[in-house]
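Next come the chains, spelled out residue by residue.
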Amino acid sequence: MDIVLVTTVIASLFVVIAAADPIAAWLRVPFSVILAVLGVMLGAGALFFLRTDLTDALNPVAEAILGLPIRSNVFLYVFLPTLLFQATLGMNLRRMMDDWMPILVLAVVAVVVATLSVGYALALTSALPLAACLLVGAIVSTTDPSAVVSIFRSISAPRRLARIIEGESLLNDAAAIALFGLFMGFVMLGMPDPSLQDALARFPLLIAGGAALGWLAARLAVWIMALLPRHEMAQISVSVALPYLAFIGAEQSIGASGVIAVVAAGLTLNLTGPGRLPPQAWANLRYLWGVLAHWSGALIFILAALLIPRLLAEVRPSDFALIGVVILAALAARVVILFGLLPLLTALRASPPVERPYRVAILWGGLRGAVTLALALAVTESLRVPIEVKRVVGILATGFTLFTLIVQGTTLRWVIGRLGLDRLSAIDEALSRQVVAVALQTVREDVARTTENYDLTHDIVRSEAKRFAERLDRAVTAAEDSADILDRDRITLGLIALAGHERDTILARVRERTISARMADPVLTAADRLIEGARTGGRSGYQKSARQSVAYGRTFRVAVALNNRLRLSRPLARLTADRFELLLSQRLILRDLGAFIDGRIRRIHGRRVADLLHELLARRVEALETALDGLRLQYPGYAEELERRFIRRTALRLEEREYTAMREDGLIGAEVHAALMQDIAQRRAAAEERPRLDLALQRVELVRQLALFKGLDDADLQRLARALRTRYVAAGDVVMRKNSPARSVFFIASGAVELERAGQTWRLGRGEMFGQLAILMKRARRAEVRAIAPSMLLELDEARFRRLLKGSPELQAAVRESALDRGGIEPGAVLPDGAGAA
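Rules of the game
- Residues numbered from 1 in each chain as written.
- Predicted model: local features only at pLDDT ≥ 70, side-chain atom pairs only at ≥ 80, totals over all residues.
- Heavy atoms only, no water.
- Helix = DSSP H or I, 4+ residues; strand = E, 2+ residues; numbered from the N terminus.
- Buried < 20%, exposed > 50% of the residue type's maximum accessible area, 1.4 Å probe, protein only.
- Areas by Shrake-Rupley, 256 points an atom, 1.4 Å probe, with all protein chains shown as cover.
- Pairing = 2+ DSSP bridges.
- Contact = heavy atoms within 4.5 Å.
- Axes fitted to C-alpha atoms, helices over the stretch in contact; angles between N-to-C directions.
- Salt bridge = Lys/Arg side-chain N within 4 Å of Asp/Glu carboxyl O.
- Core = buried A, V, L, I, M, F, W, Y, C linked by side-chain atoms within 4.5 Å.
- Lys, Arg positive; Asp, Glu negative; His and termini not counted.
- Polar contact = N/O pair within 3.5 Å; in protein donor to acceptor, adjacent residues only side chain to side chain.
- Phe/Tyr/Trp six-rings, centres within 6.5 Å; stacked < 30°, edge-to-face > 60°.
- Parallel < 35°, antiparallel > 145°, perpendicular 65-115°, else oblique.
- Left-handed = near helix turned anticlockwise from the far one by under 90°.
- Nonpolar A, V, L, I, M, F, W, Y, C, P; charged D, E, K, R; others polar.
- pLDDT = per-residue confidence, 0-100.

(A) Seen up close, the overall build of the protein. Assigned secondary structure in the protein consists of 32 helices and eight strands. Across the 838 residues that make up the protein, the buried fraction comes to 50%. When the accessible surface of the protein is split by element, carbon and sulfur atoms take 59% of a total near 39,700 Å².

(B) Summary view of unusual backbone geometry. A positive phi angle is found at Asn739, which is not glycine, with a value near 70°. If you trace the backbone, Asn739 turns up in the loop between strand E2 (734–736) and strand E3 (744–750).

(C) Structural detail: the sheet that holds strand E1 (residues 725–729). Read from one edge to the other, the open sheet built from four strands follows the order E1-E8-E3-E6, with strand pairing classed as antiparallel. The open sheet has two free edges, formed respectively by E1 and strand E6 (769–770), since each of these has just one partner strand. Sheet topology places E1 next to strand E8 (residues 791–797); five bridges connect them, and they run antiparallel. Bridging from a neighbouring strand, Arg725 pairs with Glu795 of E8. Packed onto the sheet, helix H31 (residues 798–806) meets E3 and E8 and runs at close to 85° relative to E8.

(D) The pairing of strand E4 (residues 753–757), seen in detail. On E4, burial follows the alternation: Val753, Leu755 and Arg757 on one face are buried, whereas Glu754 and Glu756 on the facing-out side are not. Direction of pairing for E4 relative to strand E5 (residues 760–764): antiparallel, over a ladder of five bridges. In the sheet register, Arg757 faces E5, and the bridge partner there is Gln760. Between E4 and E5, which pair antiparallel in sequence order, lie two residues; one of them, Ala758, sits at a positive phi of approximately 55°. Where E4 lies against strand E7 (residues 784–787), four bridges are found, and the strand directions are antiparallel. Looking at the pairing, Val753 lines up with Ala787 of E7.

(E) How the structure looks around the pattern of salt bridges. For the coordinates displayed, the defined rule picks out 15 salt bridges. Taking the shortest distance from any N to any O, the salt bridge between Glu615 and Arg619 comes out at 2.6 Å. With Glu615 and Arg619 both in helix H25 (residues 593–634) and four residues apart, the pair spans about one turn of that helix. Residue classification places Glu615 among the partly exposed positions, given a relative accessible area of 37%. Take Arg619: its relative accessible area is 40%, and that puts it in the partly exposed class.

(F) Structural context of the sheet that holds E5. The strand order across the open sheet formed by four strands is E2-E7-E4-E5, and the pairing between neighbours is antiparallel. The open sheet has two free edges, formed respectively by E2 and E5, since each of these has just one partner strand. Here the average twist between neighbouring strands, direction ignored, is 30°.

(G) Broad picture of the nonpolar core. Among the nonpolar cores identified, the biggest contains 78 residues, and Leu122 and Phe180 are the most heavily contacted of them. It is helix H9 (residues 159–188) that contributes the most residues to this core, 12 residues altogether. Core analysis: the next-biggest nonpolar cluster, separate from the first, contains 70 residues, Ala497, Tyr552, Leu590 and Ala723 among them.

(H) Spatial organisation of the side chain of Arg579. Mapped onto the elements, Arg579 comes out in helix H24 (residues 570–590). Look at Arg579: it is buried, it has no salt bridge, and the nearest opposite charge is Asp733 at 11 Å. A polar side-chain atom of Arg579 sits 2.7 Å from the main-chain carbonyl oxygen of Val550. Residues within four places of Arg579 in sequence aside, it is in contact with Val550, Ala551, Tyr552, Phe556, Ala627, Leu631 and Pro790.

(I) Representation of the packing of aromatic side chains. Tallied over the entire structure, the rule returns four aromatic pairs. With a centroid separation of 5.1 Å and 85° between ring planes, the pair formed by Tyr77 and Phe247 is classed as edge-to-face. One end of the pair, Tyr77, is in helix H4 (residues 72–89); the other, Phe247, is in helix H11 (residues 232–253), and 170 residues separate them in sequence.

(J) Representation of helix H7 (residues 130–140). Burial analysis of H7 places 11 of its 11 residues in the buried class, which makes it a mostly covered element. Three or more residues of H7 are buried, namely Leu130, Ala131, Ala132, Cys133, Leu134, Leu135, Val136, Gly137, Ala138, Ile139 and Val140.

(K) Inspection of the packing of H7 against helix H18 (residues 387–418) at higher detail. Relative orientation of the contacting elements H7 and H18 amounts to 30°, with a least axis distance of 10 Å. By the angle between their directions, the pair H7 and H18 is classed as roughly parallel. Here H7 runs over H18; the crossing is right-handed. Packed against H7, whose contacting residues are Ala132, Val136, Ile139 and Val140, the element H18 presents Val389, Val393, Leu396, Ala397 and Phe400 at the interface. Considered class by class, the residues forming the contact of H7 with H18 number nine nonpolar, no polar and no charged.

(L) Highlighting the environment of Gly533. Tracing the sequence through the fold places Gly533 in helix H22 (residues 517–550). Taking the relative accessible area as the measure of exposure, Gly533 reaches 8% and is therefore buried. Sequence spacing of Gly533 and Thr492 is 41 residues, and the spatial spacing of their C-alpha atoms is 9.8 Å. If sequence neighbours within four positions are ignored, Gly533 has contacts with Gly538, Gly541, Tyr542 and Ser545.

(M) Quick peek at the packing of helix H15 (residues 317–347) against H18. Running from N to C, H15 and H18 point in directions that differ by 60°, and their axes come no closer than 9 Å. Classified by the angle their axes make, H15 and H18 are oblique. Classified by chirality, the crossing of H18 by H15 is right-handed. Two secondary-structure elements touch here, H15 through Asp319, Leu322, Ile323, Val326, Ile327, Ala330 and Leu331 and H18 through Arg391, Val392, Ile395, Leu396, Gly399, Phe400, Phe403 and Gln408.

(N) Representation of the confidence of the model for the protein. This prediction gives the protein a mean pLDDT of 78; 86% of its residues lie at or above 70. Highest mean pLDDT in the protein belongs to H11 (90); lowest belongs to helix H8 (residues 146–154) (60). In the predicted structure, residues 826–830 sits below a pLDDT of 50 and forms six contacts with residues beyond four places in sequence or in another chain. Counting contacts from residues 834–838, a segment whose pLDDT is below 50, to residues more than four positions away or on other chains yields 14 contacts.

(O) Local environment of the environment of Phe770. Within the secondary structure, Phe770 is located in strand E6. A residue is classified by how much of its surface remains accessible, and Phe770, at 0% relative accessible area, is buried. In sequence terms Phe770 and Val745 are 25 residues apart; their C-alpha atoms lie 6.2 Å from each other.

Given below as structure tokens:
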């Protein structure tokens, strides 16, 4: 085929893509629906002009359209990795990890239920073998959430709900394509009725092999990109190669799932990339992938839709009945998930509650599209699949896709309107009034400054100012005197605004590079939790999210376990350094929020709400300072190194701003400015390097600071530091339970605990110990100990404690004093093992 003609046709398809976006917005239907309709029209039109006797002038164009090299391999090896890889890069993985249970369960179970439901329904109503029926089920179980997610975002649906749908759809596609490959293999091998054992035997290799290869490929890619810090184009080029090499490597080298490999590679790059690449390079990388995914998704829709007229050319009346069976079975499977499994997960507190109208919208918004058509095309092109199976699979998949796009897609917004989801709630209406009032006040101040600077006519200025003031008064009155908003809701609105401003401040600091690229994502995730917590739980939800931002997470506890049991200190050192930097970054942001409360929120919600927000902010600052003080005590000197690094980065930012201002004022030329910027880039790369945290050295210094161990020499201190196990506990965690066996003693390195014994309570702080009396008395513990602040404890086993006690008079005195204090012994009594000798 003439390359000029092919290039012209492909370029014309980009014009169609450009036209589809405004048409979809004008008609208020999903973008994918317009693309599919336009693709079908192009394909049907090409067939018509090629076969009609009216004219032969358009035959070359029609032949070029129908003769495009559209094969299933193009979809699977070119477009599909792009779509999946970009989807993983666009996700907020740290927020999705909060909902990993519902995402994983819904994704895996939904695919299995849909595959089995459609497969067995077809097996009962058609002459197809079971393997072919299950193949159809796997093909139609993929979903396209873009339409329903975009609508949910436009109607201010809960963000958590949209995240769950996006995460479920990504894993849904990966699992469905893996099942497709499994059943496609059975069909091509001529196994009409595969057993469940056959399927389960191959499925783990598909998943585990793909995940492992994708992870390794991404780690290698990140390592290569980190070696090229000043070559942004090279870094982006490596990212472009990553998904394709991962897909091909998994499929061709180890026989694993290429889709799973791409998803694993994207997730790994999303987690590790922001901390290893410069902020601007990471932003540009994600932008490029967004453009590539947009083009890939649009092209796959149009090119697949071009084939629909040919796929439906051999349709028979009986096929329509089978299409109806597929539709009913797929909807029934989705009903089971949304109205059976999802409420069960909510009852088990593994998933957020999803109101019935939202579940109905998700049910009707489960459109199928590009992936379904690509998989169907792969079946129709296979030479090893029986002809009748190819025909029926192509027709059923295409017919079902057209139904979801044309029937469900065009009526989705109407269904959402009938469900009442397009109307703002009372609190959202109040929020909109608040936004208008705050915005107009800012506009008035800016306009006043502008009129003064330009010396405009006094009468005109006064007339416009009066008109604007009337509008502002109405907006402020509407925000303050709304009769249907309770005080509790006003507090919620203030917290939402405060958390939103906190997020904006973080973004500004990241752009200024005051906050490092490594910390940008964790700090933004904490701010997102605050916004969502305030929206869903009001004051208590905000406070819960604030406590979570300074608490020790599951990953941190795993790292502690690895350090204590396997002596693998590197993960704990990295996470501890991350925690240091995270807390310092949050402290930097919290210092700026007080002015926002006084300048904006007080003017809208009044003094009472503003004072309450100040109180909540003060509590956050106190909790943050407590956590930081604990880390400073545990790792003396490291916080100071990070603060020095912050000062250096700030100085570089201000220096860069001055050079840029001089360049804009014409004081220096482009060549001088470029040389200065290159020098700053070199110094910034050095300043971005985070100081190394040596846990072993820091633990020796920590033990040396405790008064209990002052009598030990350096050799004994080092041996003791190696013997001590570190344990991190959050506020509220039970450290020691009553009547539990006594096997170890705890020393408080930082934080505080509360000890309860015989109805009395004692509060213990840094440098104190507990658990020693039960060991010395050789009895079960009679006290319960609970942390009242994030704390670091040093745990020593019984045998080492007894040896240490014999050789340390200071420790003997402390044991005796604590026993007398807490009523463990009578005055004058002697403790076992010589502890009473002191």
